[in-house]
Amino acid sequence: MENKERENLDVDKLITNSRIFDIDGVNMIGNIHNGSIIGLDLKSKIFIEKLISKEFNIDNLITEQKDLINELVKCSFFEDFRPSIDRSYIHITSHCNLDCYGCYSYENKRNLKPDLSFSEIKVILQNLKKSGLKHLVISGGEPFINKDIIEIIKYAKNDLEIELVDCISNGTVELEKYIEASKYLDTLFFSLDTYNENESTLRPKNVFNLVLNKTNQLKDYDVEVNLIFTIHKNNYMCVNNFEELVNSLDVAHNYSILTVKEKDCCNSNKHLMLNKKELAEFENLCKPYSNVDYLDKFKCRISCGAGKSLVSIASNGDVYPCHMYTYENDFLMGNAIKDDIRDILNNSIISKTNVDDIKICNKCEIKYICGGACRYAGYCITGDVLSPDTRYCSQRISGIKNIIKDLTT
């Protein structure tokens, strides 16, 4: 990098964009906006600290320091950050033909509320695209109840050219709709919480066979389905059964941990969220089947991204920090029909806070990798969004330290 280029480097932006931290004695600097991490030896760490405290003249650099500055430039540490949306849920209807316990989109009178018009949904999608959207998740209610579902998906994929367009369904609607929608979808997801027709806790028991039949029928049309299994106290020990099922169907799958304010949900008194011990047991059962590239998840973060790089649009256009907060009016950020989404980002207590504000988390050495985990889980358990969800801590800490060990040996 030439002297002239170095003169244009704004150290104040470096200060805003970065966090310096160490884990098990390994020093790092991370970009909190794009996740980039650069390892530092002791001399490099001291140089960066002096640079940030403006005790160092950036014009007088030795070769190693020039190389480090070049890496920082490459990873955008000296650039302005413009808020943008990486992923958004859009709930195109609140109507549903099922009444499942723990549904994150549950709301009173859900089947009585009118859907937005296609033209209004187009305005929302344009707003999201303008905000930098890369990944759209279409949900509901049951999204295929919306009469404009095919046109909505087609508009998002073909007209707006959104990079990833996914849709989550309960798998019970007409086969023809799924076939038509698949022409414009990257992934079609069906939700389940059981591996046979007799064990369902959250959904009506007949849903299992309906979903399996649809999944098998769609194969004849080259439509690939991804099954999402909702994990709770009654099924977390059944990983082997779930894996056998997806192998027999030859389909992809994900696990979603049930996270819900149980005392409020559907007027039920069931207690199905996993505790710390159960989560550890579930993760251990998953290990033989896991092929996750955890290095890909090794990024600098100060939050889960809710209300910053992730939002959720309710069926009336209201904007919330993520899909779990949808219809939680204490966390309402604005409306995607009336407001520019870029202007209302960081417009909730969730998006205004970060891991440094969370008790216990702010003292943890992996905080700038973990980011404080899901804020909604802490909120469900204690009613306080600044309360930590410590159920995952031991697994996260050991997992991150193992990654660092692998990278440094």
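First things first, this report covers the structure right here in the doc.

Calculation criteria
Residues numbered from 1 in each chain as written. Predicted model: local features only at pLDDT ≥ 70, side-chain atom pairs only at ≥ 80, totals over all residues. Heavy atoms only, no water. Buried < 20%, exposed > 50% of the residue type's maximum accessible area, 1.4 Å probe, protein only. Helix = DSSP H or I, 4+ residues; strand = E, 2+ residues; numbered from the N terminus. Pairing = 2+ DSSP bridges. Right-handed = clockwise from strand over helix to strand, strands pointing away. Salt bridge = Lys/Arg side-chain N within 4 Å of Asp/Glu carboxyl O. Polar contact = N/O pair within 3.5 Å; in protein donor to acceptor, adjacent residues only side chain to side chain. Contact = heavy atoms within 4.5 Å. Disulfide = S-S within 2.5 Å.

1. What about the pairing of strand E8 (residues 225-231)?
Move 1: Counting buried positions along E8 yields 7 of 7 residues, so the element is predominantly enclosed.
Move 2: Here E8 shows two buried faces, one formed by Val225, Leu227, Phe229 and Ile231 and the other by Asn226, Ile228 and Thr230.
Move 3: For strand E7 (residues 187-192) and E8, the ladder comprises 5 bridges, and the chain directions are parallel. Note on E8: the bridge partner recorded for leucine 188 is valine 225.
Move 4: Handedness of the β-α-β unit built from E7, helix H8 (residues 207-219) and E8 comes out right-handed.
Move 5: Here 6 bridges tie E8 to strand E9 (residues 252-257), and the two strands are oriented parallel to one another. Bridging from a neighbouring strand, isoleucine 231 pairs with isoleucine 257 of E9.
Move 6: The β-α-β motif built from E8, the intervening helix H9 (residues 239-249) and the parallel element E9 has right-handed crossover chirality.

2. Focus: the pattern of salt bridges
Move 1: Scanning all chains against the criterion turns up 19 salt bridges.
Move 2: Between lysine 13 and aspartate 80 there is a salt bridge, with its nearest N and O atoms 3.4 Å apart. Note that lysine 13 is positioned in helix H2 (residues 11-17) and aspartate 80 in the loop between helix H4 (63-74) and strand E4 (87-91), a separation of 67 residues in sequence.
Move 3: Owing to a relative accessible area of 24%, lysine 13 belongs among the partly exposed residues under this scheme.
Move 4: Taking the relative accessible area as the measure of exposure, aspartate 80 reaches 62% and is therefore exposed.
Move 5: Note that aspartate 86 and lysine 134 form a salt bridge whose closest N and O atoms lie 3.0 Å from each other.

3. Description of the pairing of strand E2 (residues 26-31)
Move 1: Most of E2 is tucked away: 5 of the 6 residues are buried.
Move 2: As judged from the 6 bridges shared by strand E1 (residues 18-23) and E2, these two strands associate in the antiparallel manner. Of the residues in E2, the one forming a bridge with arginine 19 is glycine 30.
Move 3: The turn linking E1 back onto E2 is made up of 2 residues, and aspartate 24 within it adopts a positive phi angle of 50°.
Move 4: Where E2 and strand E3 (residues 37-40) come together, 4 bridges link them in antiparallel fashion. Its bridge partner lying in E3, glycine 30 is registered against isoleucine 37.

4. Remarks on the sheet that holds strand E10 (residues 310-313)
Strands in a sheet are paired, the pairing made by backbone hydrogen bonds, and the direction either parallel or antiparallel.
Move 1: Read from one edge to the other, the open sheet built from 9 strands follows the order E9-E8-E7-E6-E5-E4-E10-E11-E12, with strand pairing classed as mixed. Each end of this open sheet is capped by a strand with a single partner; those strands are E9 and strand E12 (334-335).

5. Focus on the side chain of asparagine 235
Move 1: Among the secondary structure elements, asparagine 235 is positioned in the loop between E8 and H9.
Move 2: For asparagine 235, a relative accessible area of 3% gives the class buried.
Move 3: A distance of 2.8 Å separates a polar side-chain atom of asparagine 235 from the backbone nitrogen of histidine 232.
Move 4: Those residues within four positions of asparagine 235 in sequence are excluded, and the remaining contacts are Asp193, Thr230 and Phe242.

6. What to know about unusual backbone geometry
Move 1: Note that the residue after glycine 140, namely glycine 141, is joined by a cis bond; omega there is 20°.
Move 2: Mapped onto the fold, glycine 141 is located in the loop between strand E5 (135-139) and helix H6 (149-159).
Move 3: Residues other than glycine seldom take positive phi values, yet tyrosine 327 does so here, at roughly 75°.
Move 4: With respect to the helices and strands, the residue tyrosine 327 is situated in the loop between strand E11 (318-320) and E12.
Move 5: On the basis of relative accessible area, tyrosine 327 is assigned to the buried category, the value being 18%.
Move 6: Of note in the backbone geometry, asparagine 346 takes a positive phi value of approximately 65° without being a glycine.
Move 7: Here asparagine 346 is to be found in the loop between helix H11 (341-344) and helix H12 (349-352).
Move 8: With a relative accessible area of 32%, asparagine 346 lands in the partly exposed category.

7. Thoughts on the state of the cysteines
Move 1: With the rule as written, the count across this model stands at 0 disulfides.
Move 2: Of the cysteine sulfurs around cysteine 286, a residue in no disulfide, the closest is that of cysteine 238, at 12 Å.
Move 3: Not part of a disulfide, cysteine 361 finds its nearest cysteine sulfur in cysteine 393, a span of 6.1 Å.

8. Quick look at the side chain of serine 18
Move 1: One can find serine 18 in strand E1.
Move 2: One polar contact links the side chain of serine 18 to the main-chain carbonyl oxygen of leucine 14, over a distance of 2.6 Å.

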